[in-house]
Amino acid sequence: MAERQKISFFVTGTDTGVGKTLVSAALLHALASYYPRVVGMKPVAAGTTLMDGLQANDDVLALRAASSCRVPPELDNPVLLPDAVSPHIAAARAGVHIDIPHLVACHRQLMLLADAVVVEGAGGFMVPLSDTETGADLAQALGLPVVLVVGLRLGCLNHALLTAAAIRARGLTLAGWVANHIDPGMLAQGDNIAFLQHQLAAPLLASIAHQSQPDPTTLNLELPLAWQSTPY
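It should be emphasised that the depicted structure is a prediction, and the values quoted were computed from it without experimental measurement.

**Looking at empty space enclosed by the protein**
- Per the stated rule, a full pass over the model turns up one cavity of 30 Å³ or more.
- By volume, the largest cavity is sized at about 70 Å³.
- Around the largest cavity, the lining is made up of 13 residues, and of these Phe10, Gly121, Ala122, Gly135 and Leu138 lie nearest the centre.
- Contributions of two or more residues to the lining of the largest cavity are made by β1 (7–13), β7 (116–124) and α6 (135–142).
- Per-element tally for the lining of the largest cavity: the top contributor is β7, with four residues.
- Of the residues that constitute the lining of the largest cavity, the class distribution is eight nonpolar, four polar and one charged.

Here you go:
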């Protein structure tokens with residue numbers, strides 16, 4: 001019997017707060033129609049709150065809720081930092097060294113446990129992880145196709161084009177992108193999307209309407225055929 005196809009993506013954004021977790025969770029739900037075991041990974045999470053006596057990160061919890069299999073927490077979130085600041089600052093405050101080879105090894109273990117793994121980066125693509133390494137270094141080390149979340153607001157065209165250029169400069173594939181209407185008052189949103197559809201030269205997976213309380217289970221992502229395995 002042929003070995004079942006496996007798949008993994010790295011989700012990044014034009015900035016922090018543009019909906020990476022929402023899109024990552026929606027992507028997990030969409031992939032679950034084709035892959036029996038899907039799991040989200042947040043290699044580095046900064047910012048925790050106390051829940052049931054334990055420190056927890058909202059993004060990590062959202063990814064776990066959207067996953068169809070449970071894995072050891074040290075694999076789906078190897079680095080959990082208390083302070084909600086840039087990872088390099090949060091790590092320094094916590095006395096933690098973010099080791100990219102270790103994060104890659106954790107992802108490798110997840111690929112043994114699951115059929116589809118969605119990796120959500122921290123902040124924007126070039127967010128610092130230390131004084132010498134960034135989220136782009138992590139993405140390059142993982143070598144995964146990248147999904148870009150574009151937060152639609154004034155300035156997003158510049159941010160999207162710069163991010164796409166940085167992704168491709170690392171030898172990575174921009175596999176798709178999502179337009180997230182985070183600013184309902186933004187003018188000419190359709191024109192901005194049309195411009196990016198032409199300039200990004202990658203599939204538009206979804207255009208997400210502005211929602212006060214977004215629900216990833218209600219989002220319809222159009223997965224390219226190459227991402228779709230035989231339904232189980």
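**Things to note about the packing of helix α5 (residues 100–113) against α6**
- Packing of α5 against α6 brings their axes to within 10 Å, and their N-to-C directions diverge by 45°. One element, α5, and the other, α6, form an angle in the oblique class. In the crossing of α5 with α6, the sense of the turn from one axis to the other is right-handed. Of the residues in α6, those touching α5 at Ile100, Leu103, Val104 and His107 are Asp137, Leu138, Ala141 and Leu142.

**A word on helix α8 (residues 189–200)**
- The first and last C-alpha atoms of α8 sit 16 Å apart over 12 residues, in line with the 16 Å expected at 1.5 Å per residue.
- At its buried positions, α8 is contacted by β8 (146–151), α7 (156–169), β9 (174–180) and β10 (204–208).
- Two residues or fewer after α8 comes Ala201, characterised by a positive phi angle close to 50°.

**Quick word on the pairing of β8**
- Counted residue by residue, β8 has six buried out of six residues, so it is predominantly covered.
- Because side chains alternate across β8, one face comprises the buried residues Val146, Leu148 and Val150, and the other comprises Val147, Val149 and Gly151, equally buried.
- With four bridges connecting them, β1 and β8 associate as parallel partners. Within β8, the residue paired with Gly13 across the bridge is Val149.
- Note: β8 against β9, six bridges, orientation parallel. Each bridged residue has a counterpart across the sheet, and for Val146 the counterpart in β9 is Leu174.

**A few points about the sheet that holds β8**
- Read from one edge to the other, the open sheet built from six strands follows the order β2-β7-β1-β8-β9-β10, with strand pairing classed as parallel. Of all the strands in the sheet, the pair left with one neighbour each is β2 (38–41) and β10. Across the sheet, the mean angle from the axis of one strand to that of its neighbour is 20°, orientation sign disregarded.

**Some details on the pairing of β2**
- By the alternation rule, side chains of β2 split into Val38 and Gly40 and Val39 and Met41, which are all buried.
- The sheet contact formed by β2 and β7 spans four bridges and is parallel. Its bridge partner being in β7, Val39 is matched across the sheet by Val117.

**Quick look at the nonpolar core**
- Within the largest apolar cluster, 45 residues are counted, with the highest numbers of intra-cluster contacts made by Phe10, Ile98, Val117, Val150 and Trp177.
- Top contributing element to this core by residue count: α5, with six residues.
- When sequence neighbours within four positions are dropped, the list of residues in contact with Ile98 reads Val44, Val79, Leu81, Pro87, Ala91, Leu103, Leu129 and Glu133.
- In terms of nonpolar packing, the next biggest core, distinct from the first, is built from 30 residues, Leu27, Leu63, Val178 and Trp227 among them.

**Overview of the layout of surface pockets**
- Size it by volume and the largest pocket reaches roughly 320 Å³.
- In terms of lining residues, the largest pocket is bounded by 19 residues, among which Thr16, Lys20, Lys42, Asp59 and Gly123 are the most central.
- Mapped onto the lining of the largest pocket, the elements with two or more residues apiece are α1 (20–31), β3 (44–46) and β7.
- Its residues assigned to classes, the lining of the largest pocket comprises eight nonpolar, seven polar and four charged.
- Estimated volume of the second largest pocket: approximately 190 Å³.
- Met51, Asp52, Leu54, Gln55, Ala56, Asn57, Val60, Leu61, Arg64, Pro73, Asn77 and Leu80 are the residues that line the second largest pocket.

What counts and what doesn't
Positions within a chain are numbered from 1, following the residues in the order the chain's sequence is written. Local features in a predicted model are, by the rule used here, given only for residues with pLDDT of at least 70; side-chain atom pairs are given and counted only at 80 or more, and totals for whole chains, interfaces and linings are based on all residues. As a convention, hydrogens and water are excluded, and side-chain values are obtained from all of the structure's heavy atoms. With a 1 Å grid laid over protein atoms only, a set of points is called a cavity when a 1.4 Å probe fits there but cannot get out and a pocket when it is open yet has protein on both sides within 12 Å along at least five of seven lines; lining residues have an atom within 4 Å of a point. Grid points are joined across faces, edges and corners, and a volume is the space filled by probe spheres set on the points. A run of H or I in DSSP counts as a helix once it spans at least four residues, and a run of E counts as a strand once it spans at least two, with each numbered from the N terminus. Ten residue types, Ala, Val, Leu, Ile, Met, Phe, Trp, Tyr, Cys and Pro, are classed as nonpolar, four, Asp, Glu, Lys and Arg, as charged, and the remainder, Gly among them, as polar. With axes taken as lines fitted to C-alpha atoms, and helix axes fitted only over the stretch in contact, angles between N-to-C directions fall between 0 and 180 degrees. Should an angle fall under 35 degrees it is taken as roughly parallel, and over 145 as roughly antiparallel, whereas 65 to 115 is taken as roughly perpendicular and any remaining angle as oblique. A clockwise turn of the near helix away from the far one marks a right-handed crossing, whereas an anticlockwise turn of less than a right angle marks a left-handed crossing. In this description, contact between two residues means that some pair of their heavy atoms is separated by no more than 4.5 Å. The length a helix should cover is 1.5 Å for every residue beyond the first. Partly exposed describes any residue whose relative accessible area lies between the buried limit of under 20% and the exposed limit of over 50%, with all areas from a 1.4 Å probe on protein chains only and scaled to the type maximum. Pairing between two strands is assigned when DSSP locates at least 2 bridges connecting them. Each nonpolar core is a collection of buried residues, namely Ala, Val, Leu, Ile, Met, Phe, Trp, Tyr and Cys, held together in the definition by side-chain atoms within 4.5 Å.

Structural measurements only, silent on function.
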